[in-house]
Structures are given as C-alpha cells and as structure tokens.
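# Observations on the three-dimensional arrangement
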Amino acid sequence: MKTLYGGIEAGGTKFVCAVGSGPGEIEAIERFPTTTPEETLRRTIDFFRHQQDAGHHFEAIGIASFGPVDPRPDSETFGYITATPKPNWSHTNFVGPISDAFGMPVAFDIDVNVAALGEHTWGSAIGLDTFIYMTIGTGIGGGGMINGELMHGLIHPEVGHIRIPHDLERDPFPGRCPYHGDCLEGLACGPAIEDRWKKKGFELPPDHPAWDLEAEYLAYAALNYICTVSPQKIIMGGGVMEQPKMHELIRKHVKRLLNDYIQSPTLIDGLDDFIVPPGLGNESGVLGAFALAKHLHG
Ligand code: ADP
Ligand code: ZN
C-alpha cells in the first residue's frame, strides 16, 4: 500500500485540503473559502479528522501557505503567517493547531516554494537543482531551489516585490502595492491589469496593448532572476499566465533584453524550454504539500 500524506494549500481566497501520495493519486480533496483563521483552521482539522475516520491514514502533513510566513524550524514563530496585509491573519500560528490536533510531523513553507518542490518532484523541474517558480495572479510570488535546496536564506525571497523600470509616459498607472507602489507586483499582478485598463484580464482581447506591457514587466523580472540566480528554468503560472501567448511574449522580451550576453544555448536558442508553464497545472501546490510532508517523514 502507498504511504499517504495530508496536503494543505492555504491561499488568500481559498484553502485546498487533500489526502494522497502524488499526481493521479489523490484519495480525497476539499476546497473552501479562506475566512477567519479560527474558522478556516477548524474546517481544515475537521477535513483531516474525517479522512482518518474514513480509513485514509496519512503519515505527515505538508502545508503550502500564503505569506509572508516564518519557515525557519529553529525560530520561536516557526509555522506562523507573519505580518500579512490580509485582515485577521497577521501573526497566526498555523502549524501549532495542526500539530496539536494530529500529533504527527507537520512540514511548512511558503506556497511558492512548496509548489516548486511539487514541480521538482513530478512536473517541469525534474532533475534540476536551480530554478525559479513564479505565480502571477492576485499577487506575484516566487520561490524555487538553489543547488538542490528550497530557497530560504534570511526568511524567504520576495521576488514579486523587486523594482523594475517604469516609464511613466508609456504607463502612467502608479502601481498598487501597499508597501512600494510600483514594484513588480504593484505594476503587473492581475488586479493591477484591471485597475490600469478598467477591465478584467480575461475580458481584454489577445491583441490588446495590455499584454505586451505585461510581458515586458515580467521579462524584466525574469532577466533580473537570470542575472542573479542563474536558474536552469523559470516556471511561470497563475491566473494571468492563462492569457494565451503570455509565455511566448515574455520569451521575446527576455531574448531582446538579454541581447545574447549570457553564453548558454538555453538562453540563446532554447527559451521555449526555459520559460515554461507549470507541468502540474494548478495542482503544483497541493501535490508539493505531499512532497514536503514526505521529505519530513523520510
Ligand atoms: P490567486 O492568485 O488568488 O491564487 P489566480 O492565480 O487564479 O488566483 O489569479 C487570479 C488573477 O488572475 C485575477 O486577477 C484574474 O483577473 C487574473 N486572470 C484570470 N484569468 C485570466 C486570463 N485569462 N487572463 C488574464 N488574467 C487572468
Ligand atoms: Zn511591493
């Protein structure tokens, strides 16, 4: 029998809880809206209790959480969501109540790192040791691996909040990041597209100038990651990347901005296999949570 794991993908708008062992091997899954921490964690615990009662015995739980989080196991606030702009959720102990309820190992990391681990285990990053996983949706976030280890460092990277060139004549939109205004997220997240063009992303036609501007901003970001981290691949997912041709447009701008400076065949002729969508579609997070639990369980 396969060893089962519990997986939680905790998003700012919805939670996904599942029991399973990998792609195509999900025994049970439930989605519910993110409300208050008390109610949402109660529903999470109820889901897993119910699974145990139904005979789905899992060995460890992995959590992929929206951030910012404290993922450092030796820290006093390990397993907390820290200072988030999301109302009611700042300084929430996430791991504590889950460990107390189940008395088993609970692994915890920022959602994008966990999704990166899912991609590394089963998706577009198999066999790579240095890569970036980005999501461009309600916000912009990213994680990944450096030399085979999930990116942590001081806390965890915040690749969505880097600064990129912003030509105010071409794009007078001031940006909407509550902390930085026109950082990458402020300029290029899904809600920024809506604020700038006064229409939902999926309502803007494929030939609308919104998409070339969006692709250029994301290409600047990719360029900065290429020059600092030297990733073997950049995986880009999230709602905004559902827009047809987005990956292709970003590759075009990356090619232009790099100007063939870095002498790698991947960057000079192989961008089609370098900037790619997630291999696991929208399941990278929840599957990554199984992989994270499995790492902890051994
Ligand atoms: P979240 O970031 O909350 O997990 P998503 O990754 O689904 O959610 O991203 C939601 C954002 O993606 C919204 O701002 C939405 O307008 C945008 N979006 C969804 N579909 C498209 C599309 N086809 N083209 C462009 N933007 C889209
Ligand atoms: Zn910002």
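Residues numbered from 1 in each chain as written. Chains lettered and ligands numbered in written order. Predicted model: local features only at pLDDT ≥ 70, side-chain atom pairs only at ≥ 80, totals over all residues. Heavy atoms only, no water.

Per an unreviewed UniProt entry, the chain goes by fructokinase and derives from Rubinisphaera italica. You can read under Catalytic activity (unreviewed entry) in the UniProt record for the chain the words "D-fructose + ATP = D-fructose 6-phosphate + ADP + H(+)". The annotation that UniProt attaches to the chain under Cofactor (unreviewed entry) is "Mg(2+)". (UniProt positions renumbered as here; feature names shortened; annotations may be inferred.)

## A few points about the layout of surface pockets
Its boundaries defined by the atoms lining it, the second largest pocket holds a volume of some 360 Å³. In terms of lining, the second largest pocket is formed by 19 residues, of which the most central are Phe108, Asp109, Leu150, His152 and Leu292. Looking at the lining of the second largest pocket, the elements with two or more residues in it are β7 (106–110), α3 (111–122), β10 (149–150) and α9 (284–297). The greatest single-element share of the lining of the second largest pocket, amounting to 4 residues, is contributed by β7. Classifying every residue of the lining of the second largest pocket by side-chain character gives 11 nonpolar, 4 polar and 4 charged. Mapped onto the domain boundaries, the lining of the second largest pocket takes at least three residues apiece from domain 1 (4–111 + 282–297) and domain 2 (124–277). (1 Å grid on protein atoms, 1.4 Å probe; cavity = no way out; pocket = protein on both sides within 12 Å on 5 of 7 lines; lining within 4 Å. Points joined across faces, edges and corners; volume = space filled by probe spheres on them. Helix = DSSP H or I, 4+ residues; strand = E, 2+ residues; numbered from the N terminus. Nonpolar A, V, L, I, M, F, W, Y, C, P; charged D, E, K, R; others polar. Domains from an automatic or database assignment.)

## Things to note about the pairing of strand β11 (residues 234–237)
Along any regular strand, the residues point their side chains to alternate faces of the sheet. Side chains Ile234 and Met236 project from β11 onto one buried face, and the interleaved Ile235 and Gly237 project onto a second face that is buried too. Pairing between strand β8 (residues 131–136) and β11: 4 bridges, direction parallel. Of the residues in β11, the one forming a bridge with Tyr133 is Ile235. One ladder, built from 2 bridges, connects β11 with strand β12 (residues 275–276); its direction is parallel. Directly across from Ile235, in β12, lies its bridge partner Val276. (Buried < 20%, exposed > 50% of the residue type's maximum accessible area, 1.4 Å probe, protein only. Pairing = 2+ DSSP bridges.)

## Some remarks on the sheet that holds strand β3 (residues 25–33)
Within a sheet, each strand pairs with its neighbour through backbone hydrogen bonds, oriented either parallel or antiparallel. The sheet built from 5 strands is open, its strands ordered β3-β2-β1-β4-β7 with mixed pairing. Taken across any chain shown, the strands that pair with only one partner, and hence form the sheet edges, are β3 and β7. With direction set aside, neighbouring strand axes in the sheet form an average angle of 15°. Relative to strand β4 (residues 58–65), strand β1 (residues 4–10) runs parallel, the two sharing 6 bridges. Note on β4: the bridge partner recorded for Leu4 is Phe58. Here helix α1 (residues 37–53) sits on the sheet in contact with β1, β2 (14–22), β3 and β4, set at roughly 25° to β2. Contacts from α9 reach β1, β2, β3, β4 and β7, with the element oriented near 130° to β1. (Axes fitted to C-alpha atoms, helices over the stretch in contact; angles between N-to-C directions. Contact = heavy atoms within 4.5 Å.)

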